[in-house]
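# Descriptive analysis of the structure
Residue strings, one per chain:
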Amino acid sequence: MVSDGPPRSETVSERHSEGRAQVALDPVPPPVAEVRLADMAVAMANALGTAWATYQLYPDPSGHVGFDRALGDLAESLDIKQLEVGPRTFLWDQSEVPSTHGGVERIVERLFANSIAAVRFVSPPNAKDLVALFEVIHQTPAELEDQGGAAAGLRNAGVHSIRLLERRILRDEDTKNEQLEDETDGPADVLDYKGDPEALAAFLLTTAGEDSSALASLVIDRYSRALGAIDQQGVWEHEEIVHTFVDMFFYFPPRYQAPLISELLARQHEPLFRIFLDQFASHEINELAGLLDPQAHPLLLEYARIAGKDDDRGNEIFNLLKETAPGESVNTMVDRRIAAVLAPGSVKGNASGSSALARLAHLRRDSPTNTMTGVGVVQRLLSVAESDADTNRVLRIWAGKTAAAIRHRDLESALIWLRGVSDPGSAADDPAGPASQALQRVIEMHVVVELVEALRDAPDSTAGTELLRRLAPHLTDHLIELLGREEDLGRRRELVAMVVEVSHDNPARVVAHLDDPRWYLVRNLAIVLGRCRHPDMVHHLLPLTRHPEARVRREALRTIYSLARHTDIKPFIDGLVDLDESVRTAAATILHTCKDGKLVPALEALLASQADTNVKLEIVALLGAQPTSDAHAALERQAQGGSGGRGVTRTVRNAARQILQNTK
């Protein structure tokens, strides 16, 4: 009898069970790799079901055992890349995947209802990514339609480790299986990051295992494949990919940039990579030259030579580069040419010992008009920027100009550049905003050193003071490190004043360094907190009263007193029994001014403790200095008794009697 129902779909486990049953007849067993992948498909399906069930039970499933285990199982099952979505369960290799968790059927229902044909894992997802996936598929088809579909909703949520393939896309052609199988994790993955260079940088770093050479090869490969995967007639899409990769370059730390720029220069004759290199501004190429070793400099000079010809910039740069010796750095070559052009006697004073670039700086005329013109260009470019990538590119140039002016110790020009985009209180001053992030990348230690030296030369500079205040979030950590390194007392005082200036409104970065192992730095930071005048900093200073170094403990007591006076006398009472005499003296000096009614009982409690005799004598003297009836009564109680008793008791009693006699 022939059944008229639909053909039964065999499952993955049934197929492999059948294969095992034929082992006796077939001398070739099923491939081990195929069995392993089938097991991974089961593990991935069960992991998704477990995670979905946990998500439905808890508002925040992160941290729950089942959810975390599911994340681990997904990370270990990525070799199968994706699971297709059937009407009742997941499919892999055109077969149903058996499941042991009831949540699998429920999540498949949601996926199928939202026209999702497959779930693909590009890289190991984190808890946030998985929750975002569930929030997308938890919506109704109508809600997802407003977002452009489930796949678009997941991309809008910032998830790049998971991709969703929708059935309405796959139905357009009769090549469903071919599309699912032929997709590689190359260009398609990278195209997902189009317009998001920071996420692309993080993805490629993770994929390369943070190996700089592997990363350079990976970027070259993915860049080529991404451009090859799009229609070459799509000019705007082509340009967006190039800009994404170029902007991504600046999210890599410098140690990853050097091998990559060397690879790009080595392939500069290929049009794709010439386009990449042509996106860098001139000052960026100059800064990148410092990352290269001498063997790579000829490649850079060759690129500059070709670019100079193509851009018709004249023969001066071309001739200059032609005369450069192989392996000579660009900066050395430029310095040598300037030195040859400038006459040593053309500079007032003794300029023979200065570098050519320094002498040129003396000769250049002030040009605030040119600076303002440049700022105006930046402002106009920002006003017409059509995408975040365009904005970030202009901001990168603006931040570089600001930092360059500081490096040249031209604080007035630096302030003009800074004000041009970042007005006080504007959105550009947002610490998480693109302008602030652009500044964060260029305000490095060598820039801060030049700013410090410029302020030492002109301590009353109003431009320098405003730069300190406006750039405070980017300067504080560097200034604190300079303070920790400085050995000269006078220069330390100057640095303390600068750290106070940048921390006055927000001393949080100073607090973050209070656990530094250098006691002398911690003591100076305590001084900084005292001068910032924020009483709420007292609770950060209290641990310093137990610091191993007595000089830190003493400074902490003084700073607490300057901020909160006698709001809480406990730190000073504890200081009276400190092992170091200078700390005890500081605590006693502070308590001499205290009029708190809790002082006398606290001092009497110390007299009844096992404190050292000298400590108790200091406490008796402190009671004698208190012009209150409570203090007088406490002294009388200590003076009572005969002439006997232990040595400590007798000594304290005699001291109390002597003070009472002197005060009659």
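Keep in mind that what you see is a predicted model, and the values were worked out from it rather than measured.

## Some words on the packing of aromatic side chains
- Applying the stated criterion across every chain, the model contains 9 aromatic pairs.
- Look at Tyr 223 and Phe 273: their rings are 5.6 Å apart centre to centre, the planes differ by 50°, and that puts the pair in the tilted class. Note that Tyr 223 is positioned in helix 12 (residues 212-228) and Phe 273 in helix 15 (residues 271-278), a separation of 50 residues in sequence.
- You can call Tyr 223 buried: its relative accessible area is 1%.
- Both rings, one in Tyr 561 and one in Phe 572, keep their centres 6.4 Å apart while their planes meet at 80°; by these two values the pair is edge-to-face. In this pair, Tyr 561 is assigned in helix 32 (residues 550-564) and Phe 572 in helix 33 (residues 570-575), connecting sequence segments 11 residues apart. Here the two residues Tyr 561 and Phe 572 agree in accessibility, since each one is buried.
- Above the plane of the ring of Tyr 251 lies Arg 441, whose end atom (NZ or CZ) is 5.0 Å from the centre.

## Looking at unusual backbone geometry
- For Arg 409, which is not glycine, the phi dihedral falls at a positive 60°.
- Relative to the assigned elements, Arg 409 resides in the loop between helix 22 (388-407) and helix 23 (411-421).
- Overall, Arg 409 belongs to the partly exposed group, its relative accessible area being 39%.
- Located in the positive-phi region is Arg 565, a residue other than glycine, with phi close to 50°.
- Within the secondary structure layout, Arg 565 lies in the loop between helix 32 and helix 33.

## Structural notes on the pairing of strand 4 (residues 116-121)
- Counting buried residues along strand 4, 6 of its 6 residues qualify, which places the element largely inside the surrounding structure.
- Bridge count between strand 4 and strand 5 (residues 162-166): 5 bridges; the pairing is antiparallel. Across the sheet, residue Val 119 finds its bridge partner in strand 5, namely Leu 164.

## As for the pattern of salt bridges
- Within the structure shown, the criterion is met by 26 salt bridges.
- When the shortest N-O distance is used, the salt bridge between Glu 486 and Arg 491 registers 3.3 Å.
- Exposure remark for Arg 491: the relative accessible area of 29% places this residue in the partly exposed category.
- Among the ionic pairs, Arg 553 bridges to Asp 578, the shortest N-O distance being 2.8 Å. One end of the pair, Arg 553, is in helix 32; the other, Asp 578, is in the loop between helix 33 and helix 34 (581-591), and 25 residues separate them in sequence. With respect to class, Arg 553 is no different from Asp 578; both count as buried.
- The network of salt bridges with shared partners includes Glu 453, Arg 456, Glu 486, Arg 491 and Glu 494.

## Re a nonpolar patch on the surface
- Side chains of Val 377, Leu 381 and Val 384 sit close together on the surface and give an oily, nonpolar patch of about 240 Å² of accessible area.
- Within the secondary structure, Val 384 is located in helix 21 (residues 368-384).

## Observations concerning the environment of Ala 508
- Considering the arrangement of structural elements, one finds Ala 508 in helix 29 (residues 508-511).
- The exposure class assigned to Ala 508 is partly exposed, which follows from its relative accessible area of 44%.
- Separated by 32 residues in the primary sequence, Ala 508 and Thr 476 have C-alpha atoms spaced 9.9 Å apart.

## Side note on helix 24 (residues 434-442)
- Within helix 24, the full set of buried residues consists of Ala 435, Ser 436, Ala 438, Leu 439 and Val 442. The buried residues of helix 24 occupy one face: seen down the axis, they fall within an arc of 160°.
- Among the structural elements, helix 22, helix 23, helix 25 (445-457) and helix 27 (472-485) are those in contact with the buried residues of helix 24.

## Notes on the pairing of strand 1 (residues 82-85)
- Burial of strand 1 is two-sided: the residues Gln 82 and Glu 84 facing one way and the residues Leu 83 and Val 85 facing the other way are all buried.
- Bridge count between strand 1 and strand 4: 3 bridges; the pairing is antiparallel. When the sheet's bridge partners are listed, Leu 83 is paired in strand 4 with Val 119.
- With 2 bridges connecting them, strand 1 and strand 2 (residues 90-92) associate as antiparallel partners. Its bridge partner lying in strand 2, Glu 84 is registered against Leu 91.
- Taking the residues between adjacent antiparallel strands as the criterion, strand 1 and strand 2 are bridged by 4 residues.

Analysis parameters
- Residues numbered from 1 in each chain as written.
- Predicted model: local features only at pLDDT ≥ 70, side-chain atom pairs only at ≥ 80, totals over all residues.
- Heavy atoms only, no water.
- Phe/Tyr/Trp six-rings, centres within 6.5 Å; stacked < 30°, edge-to-face > 60°.
- Helix = DSSP H or I, 4+ residues; strand = E, 2+ residues; numbered from the N terminus.
- Buried < 20%, exposed > 50% of the residue type's maximum accessible area, 1.4 Å probe, protein only.
- Lys NZ or Arg CZ within 6 Å of the ring centre and 35° of its normal.
- Pairing = 2+ DSSP bridges.
- Salt bridge = Lys/Arg side-chain N within 4 Å of Asp/Glu carboxyl O.
- Patch = residues over 30% accessible without salt bridge, like charges linked within 9 Å, V, L, I, M, F, W, Y side chains within 5 Å.
- Areas by Shrake-Rupley, 256 points an atom, 1.4 Å probe, with all protein chains shown as cover.
- Arc of directions from axis to C-beta.
- Contact = heavy atoms within 4.5 Å.

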